[in-house]
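Chain residues, written in single-letter form:
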Amino acid sequence: MRSEKTPFEGGPMDGRVLDVLLGLNGLPPKKYEVPVPAEEPGAAPTVYVYRREPAAVTRRLGLPKGWKYAYDPEGKPGVELKWPWSRPSQGSQTPLGSDDTPQAPHKPHPPRTD
């Protein structure tokens, strides 16, 4: 697999450069998680989250020229993808067609006069 040396900015990894594996499209992942084991046995590990940003942009077209990772202190590790065809999570929205959602009455199509 191909990898790319990617710099990290901010947080505990500030100033470090790591080899990050590239995906099928040749880009590093949008989110990079760094798990740090807990000092106490049985405690949950700390996870630092970094987000991918363009390292520089070209002058003429504004295209990204290389990538870097910026520290995201509020980052949530393990956030699921939200696909357009996925159902909303329980309790976030009422599904269409429930009893408290008003629905328009069904109107039949007019007969064809061909």
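Bear in mind the structure is a predicted one, so any value in this text is a computation, not a measurement. (Residues numbered from 1 in each chain as written. Predicted model: local features only at pLDDT ≥ 70, side-chain atom pairs only at ≥ 80, totals over all residues. Heavy atoms only, no water.)

**Thoughts on the overall build of the chain**
Helix and strand content of the chain: zero helices and five strands. The secondary structure elements of the chain, listed N-terminal to C-terminal, are β-β-β-β-β. Within the span of the chain, comprising 114 residues, buried residues form 12% of the whole. When contacts within the chain are restricted to residue pairs at least 6 apart in sequence, those whose partners lie at least 24 apart make up 32%. For the chain, the exposed surface amounts to about 10200 Å²; the carbon and sulfur share of it is 54%. (Helix = DSSP H or I, 4+ residues; strand = E, 2+ residues; numbered from the N terminus. Buried < 20%, exposed > 50% of the residue type's maximum accessible area, 1.4 Å probe, protein only. Contact = heavy atoms within 4.5 Å. Areas by Shrake-Rupley, 256 points an atom, 1.4 Å probe, with all protein chains shown as cover.)

**A word on the pairing of strand S4 (residues 46-54)**
Two strands pair when backbone bridges link them, and strand S3 (residues 31-36) and S4 are joined in this way by six bridges, in the antiparallel orientation. When the sheet's bridge partners are listed, Tyr 32 is paired in S4 with Tyr 50. Of the strand pairs in this sheet, S4 and strand S5 (residues 67-71) are connected by five bridges, and their pairing is antiparallel. What sits directly across from Arg 51, in S5, is Ala 70. (Pairing = 2+ DSSP bridges.)

**A word on the environment of Asp 14**
With respect to the helices, strands and loops of the structure, Asp 14 is situated in the loop between strand S1 (3-9) and strand S2 (17-21). Taking the C-alpha atoms as reference, Asp 14 lies 8.3 Å from Tyr 71; in sequence the two are 57 residues apart. There is a polar contact of 3.0 Å between the side chain of Asp 14 and the backbone nitrogen of Gly 10. (Polar contact = N/O pair within 3.5 Å; in protein donor to acceptor, adjacent residues only side chain to side chain.)

**Some thoughts on the side chain of Lys 68**
Here Lys 68 is to be found in strand S5. Residue Lys 68 is classed as buried on the basis of its relative accessible area of 15%. A distance of 3.2 Å separates a polar atom in the side chain of Lys 68 from a polar atom in the side chain of Glu 9.

**Observations regarding the side chain of Thr 6**
Here Thr 6 lies in strand S1. On the basis of relative accessibility, which here comes to 1%, the residue Thr 6 falls in the buried class. Of the polar contacts made by the side chain of Thr 6, one reaches the backbone oxygen of Glu 4; its length is 3.2 Å. Non-local contacts of Thr 6, meaning those with residues more than four positions away in its chain, are made with Arg 16, Val 17, Leu 18, Val 20, Trp 67, Lys 68 and Tyr 69.

**Here we look at the packing of aromatic side chains**
Tallied over the full model, the rule gives six aromatic pairs. Ring geometry for Phe 8 against Tyr 50: centres 5.1 Å apart, planes inclined by 85°, an arrangement best described as edge-to-face. With a gap of 42 residues between them, Phe 8 in strand S1 and Tyr 50 in strand S4 connect regions that are remote in the sequence. Exposure remark for Phe 8: the relative accessible area of 2% places this residue in the buried category. (Phe/Tyr/Trp six-rings, centres within 6.5 Å; stacked < 30°, edge-to-face > 60°.)

**A closer look at the environment of Ala 55**
Mapped onto the elements, Ala 55 comes out in the loop between S4 and S5. Taking the relative accessible area as the measure of exposure, Ala 55 reaches 41% and is therefore partly exposed. Note: C-alpha distance between Ala 55 and Tyr 69 (14 residues apart in sequence) is 8.5 Å.

**Quick notes on the confidence of the model for the chain**
Across the chain, pLDDT averages 83, with 80% of residues at or above 70. Mean pLDDT across the elements of the chain bottoms out in S3 (90) and peaks in S5 (95). (pLDDT = per-residue confidence, 0-100.)

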